[in-house]
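Remarks on the overall topology
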Amino acid sequence: MLKVKIILGSTRAGRQGDKPAQFVHTLAKERADWEVELLDLKEWDMPLAMSAKPPKSGEYDDEMTKKWAAVIGEADAYIIVTPEYNHGYPAVLKNALDRIYNEWLNKPVAFVGYGAMLGGGRAVEQLRQVAIELQMAPIREAVFVPLVWQAFDESGKPANEQLTAGAQVMFAQLTWWGEALKAAREKK
Ligand SMILES: Cc1cc2nc3c(=O)[nH]c(=O)nc-3n(C[C@H](O)[C@H](O)[C@H](O)COP(=O)(O)O)c2cc1C
């Protein structure tokens, strides 16, 4: 079983982010080889202040960060669902990434971007750079949802069926990397 955490990086009041997050979560739960959990940063309410010691030390000051580290540490792979704000990704997502370290190491990450015309592509490209510094493996296959406010119907079904096909391809690549890196971590 591959443990996959889906992280929703939007906390904005009245956000659209629930729609792509629920879409990918529902689809991911259909995989018999995955154990999936959706982590909604809106429910985490993390402080902005960082722990005194660098995250690499693994010594976290506040209970929220300790809890976040434990949940992130359980996973073999991640799917980050991100909106695009001013051609970047939300500060709340950077905060969630930066405040821990070892828990991310040597694990793959896939991205679901959403936004206006370009479907969050610029935010995802920036996140890939951050993921490399965290010693993660950002995978190539991704899902981009342009014009997110009209991309899903009321039941959560995507208007463009290619989103589902694209997500399945992304899941397959994430599984390959997830299993390969899990085996490599266990060998150590
Ligand atoms: C502060 C802000 C900046 C934005 N900048 C961009 C942008 O650079 N590119 C884009 O495609 N959409 C941009 N948008 C539109 C968002 O992608 C769209 O509102 C989306 O629904 C945001 O995700 P959320 O509803 O989950 O917060 C911006 C929205 C906000 C609130």
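Because the structure is a prediction, the values reported are computed rather than measured.

**Things to note about the overall build of the chain**
What the chain contains, in helices and strands, is five helices and five strands. Mapped in sequence order, the helices and strands of the chain form the string β-α-β-α-β-α-β-α-β-α. For 188 residues, the compact-globule estimate of 2.2 N^0.38 gives 16 Å, and the chain sits close to it at 16 Å. Principal-axis analysis of the C-alpha atoms places the extent of the chain at approximately 45 × 35 × 25 Å. Residue pairs in contact within the chain that sit at least 24 positions apart in sequence constitute 79% of those at least 6 positions apart.

**Things to note about helix 4 (residues 121-133)**
Taking 1.5 Å per residue as the helical rise, helix 4 with its 13 residues ought to reach 18 Å, and the 19 Å between its terminal C-alpha atoms agrees with that figure. Within the sequence span of helix 4, burial applies to Ala-123, Val-124, Leu-127 and Ala-131. The buried residues of helix 4 occupy an angular sector of 90° when projected down its axis, which confines them to one face. Facing away from the buried side of helix 4 by over 90 degrees, the exposed positions are Gln-129, Ile-132 and Glu-133. Summarising the contacts, the buried residues of helix 4 are in contact with strand 3 (77-83), strand 4 (108-114) and strand 5 (137-145).

**Some details on the nonpolar core**
Counting 49 residues, the largest nonpolar core has Ile-6, Ile-7, Val-24, Ile-79, Val-81 and Val-143 as the members making the most contacts within it. At six residues, the largest contribution of residues to this core is made by helix 5 (residues 162-187). The contacts of Ile-7, once residues within four sequence positions are left out, are Leu-39, Leu-41, Tyr-78, Ile-80, Val-81 and Ala-96.

**Notes on the pairing of strand 1 (residues 2-8)**
Of all seven residues that make up strand 1, five are buried, and the element is covered over most of its length. Relative to strand 2 (residues 34-40), strand 1 runs parallel, the two sharing seven bridges. Its bridge partner being in strand 2, Ile-7 is matched across the sheet by Leu-39. Running through helix 1 (residues 18-29), the crossover from strand 1 to the neighbouring parallel element strand 2 is right-handed. In the sheet, strand 1 pairs with strand 3 via five bridges, with the strands oriented parallel. Bridge pairing in strand 3 places Ile-6 opposite Ile-79.

**What about the site of the ligand?**
Near the ligand there are 14 residues, and of these Ser-10, Gly-17, Pro-83, Gly-115 and Ala-116 occur at the shortest range. When the residues that make up the shell around the ligand are grouped by side-chain class, the tally is five nonpolar, six polar and three charged.

**Things to note about helix 3 (residues 91-98)**
Here helix 3 has its buried residues at Leu-93, Ala-96 and Leu-97. In an axial view of helix 3, the angular spread of the buried residues amounts to 100°, which keeps them on one side of the axis.

**A word on the sheet that holds strand 2**
Taken in spatial order, the five strands make up an open sheet running 2-1-3-4-5, and their pairing is parallel. Either end of the sheet is taken by a strand with one partner, and the two such strands are strand 2 and strand 5. Taken over all neighbouring pairs, the strand axes of this sheet differ in orientation by 20° on average, direction set aside. Two strands pair when backbone bridges link them, and strand 3 and strand 4 are joined in this way by six bridges, in the parallel orientation. Residue pairing for strand 4: Pro-83 is matched across the bridge by Tyr-114. Packing of helix 5 onto the sheet brings it into contact with strand 1, strand 3, strand 4 and strand 5, and relative to strand 5 it is tilted by some 165°.

**Side note on the environment of Glu-84**
If you trace the backbone, Glu-84 turns up in the loop between strand 3 and helix 3. Given 23 C-beta atoms within a 10 Å radius, Glu-84 is considered buried. Each residue touching Glu-84, except ones within four places of it in the same chain, is listed here: Gly-113, Gly-115, Gly-120, Arg-122 and Ala-123.

Calculation criteria
- Residues numbered from 1 in each chain as written.
- Predicted model: local features only at pLDDT ≥ 70, side-chain atom pairs only at ≥ 80, totals over all residues.
- Helix = DSSP H or I, 4+ residues; strand = E, 2+ residues; numbered from the N terminus.
- Rg over C-alpha atoms; globule rule 2.2 N^0.38 Å.
- Contact = placed C-beta atoms within 7 Å.
- Expected span 1.5 Å × (residues − 1).
- Buried ≥ 20, exposed ≤ 12 C-beta atoms within 10 Å, placed from the backbone.
- Arc of directions from axis to C-beta.
- Core = buried A, V, L, I, M, F, W, Y, C linked by C-beta atoms within 7 Å.
- Pairing = 2+ DSSP bridges.
- Right-handed = clockwise from strand over helix to strand, strands pointing away.
- Near = placed C-beta within 6 Å.
- Nonpolar A, V, L, I, M, F, W, Y, C, P; charged D, E, K, R; others polar.
- Axes fitted to C-alpha atoms, helices over the stretch in contact; angles between N-to-C directions.

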